[in-house]
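Structure assessment
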Amino acid sequence: MCKLTIRVARERLVAKSPDVLTPPLGSLAYLNNATALSPIRTAAMTTKDESRLPHEKGFHISWDQIHRDSRALAWRLDGKGPDNGGWKAIVAITRGGMAPAMIVARELDIRTVDTISVISYYSGGGAADKRREAKVLKSPDAAMMGDGTGILVIDDLVDSGKTLELVRAQYPNAHFATVYAKPEGEPQVDTFITGVSQDTWIFFPWDMALQYVEPYRGKD
Ligand SMILES: O=P(O)(O)OC[C@H]1O[C@H](OP(=O)(O)OP(=O)(O)O)[C@H](O)[C@@H]1O
Ligand code: HPA
Ligand SMILES: [Mg+2]
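So, here's what we can say about the structure. (Residues numbered from 1 in each chain as written. Chains lettered and ligands numbered in written order. Predicted model: local features only at pLDDT ≥ 70, side-chain atom pairs only at ≥ 80, totals over all residues. Heavy atoms only, no water.)

**With respect to the packing of aromatic side chains**
Evaluation of the coordinates by the stated rule reveals 4 aromatic pairs. Summarising the aromatic geometry, the rings of Phe 59 and Tyr 180 are spaced 6.1 Å apart at their centres and angled 85° between planes, so their arrangement reads as edge-to-face. Note that Phe 59 is positioned in strand β1 (residues 57-60) and Tyr 180 in strand β6 (residues 175-181), a separation of 121 residues in sequence. Among the residues examined, Phe 59 registers a relative accessible area of 29% and is labelled partly exposed. Its relative accessible area of 0% is what places Tyr 180 among the buried residues. Ring centres of Phe 204 and Trp 206 lie 4.9 Å apart, and the angle between their planes is 5°; this geometry places the pair in the stacked category. An aromatic cluster is built from Phe 59, Trp 63, Tyr 180, Phe 204 and Trp 206, whose rings are joined through pairwise contacts. (Phe/Tyr/Trp six-rings, centres within 6.5 Å; stacked < 30°, edge-to-face > 60°. Helix = DSSP H or I, 4+ residues; strand = E, 2+ residues; numbered from the N terminus. Buried < 20%, exposed > 50% of the residue type's maximum accessible area, 1.4 Å probe, protein only.)

So, in structure tokens, the structure goes:
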């Protein structure tokens, strides 16, 4: 009875929106499905989108988890600012830093929140030669920022450290905080909550969607 209900519901879904259950090859939904089936990535998976996610493992973060980890970050930063423990403002590194920054701002009752938009890309020649580069597309208010004193710069994660390196060069006295940190980028971050190995790709809830998966023992 239960199985029948699930099957009917799924068929309706397919009929209405085929792309929900069969995402294009290489999309994150597809890759997420593959990692959900096997925590160690399969050969088939790496050949499907090697350029984008050459990582061994996937670490899937739910909305609930990022909320709890961002709150933990806020509590760790509480009372650590230079103005009697207080912080002047928060600057979120868009786009991934916006959700954690909002949660930290709420926890610490910081009302001034600005953004810095950083875009990162790969440059260089062949695969072995490629370097991650970052560029600022939009800066926060210059008068407020000064050299960064009292400013809490927040991002979701640090990986290679290129993004934070660029922002730190502009605001050397700011405090840099991320929710997650990989070892290569750790020297760039002042405060973080969870360390993640370099060969792990972190999947954030805003990049994901729930989708149906076949039972392990098949459909019937
Ligand atoms: O330490 P790095 O190697 O520089 O990588 C970390 C950055 O990469 C991701 O952002 P991305 O540039 O993908 O953009 P987004 O936040 O707009 O998704 C992430 O949100 C960090 O900002
Ligand atoms: O592990 C990651 N997950 C999501 N975005 C990222 N940008 C750099 N590294 C990562
Ligand atoms: Mg980002």
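Structure's up, so let's keep going.
**Details of the sheet that holds strand β3 (residues 113-123)**
Pairing within the open sheet is mixed, and its 6 strands lie in the order β4-β3-β2-β5-β6-β7. Since the sheet does not close on itself, it has two edges, and those belong to β4 (131-138) and β7 (191-195), each with one partner. Across this sheet, the average inter-strand angle for adjacent strands is 25°, counted without regard to direction. Here 5 bridges tie strand β2 (residues 89-94) to β3, and the two strands are oriented parallel to one another. Within β3, the position partnered with Thr 94 by the bridge is Ser 117. Across the sheet, helix α5 (residues 63-77) lies against β5 (151-158), β6 and β7, angled at about 150° from β6, the strand it touches most. (Pairing = 2+ DSSP bridges. Axes fitted to C-alpha atoms, helices over the stretch in contact; angles between N-to-C directions. Contact = heavy atoms within 4.5 Å.)

**Examining the site of ligand 2**
Surrounding ligand 2, one finds Arg 132, Leu 157, Asp 159, Lys 182, Trp 201, Ile 202 and Phe 204. Measuring from an oxygen atom of ligand 2, one finds a side-chain N or O atom of Lys 182 at 2.8 Å. At 2.6 Å from a nitrogen atom of ligand 2 is found a main-chain nitrogen or oxygen belonging to Ile 202. A per-class count over the shell around ligand 2 returns 4 nonpolar, no polar and 3 charged. (Near = heavy atom within 4 Å. Polar contact = N/O pair within 3.5 Å; in protein donor to acceptor, adjacent residues only side chain to side chain. Nonpolar A, V, L, I, M, F, W, Y, C, P; charged D, E, K, R; others polar.)

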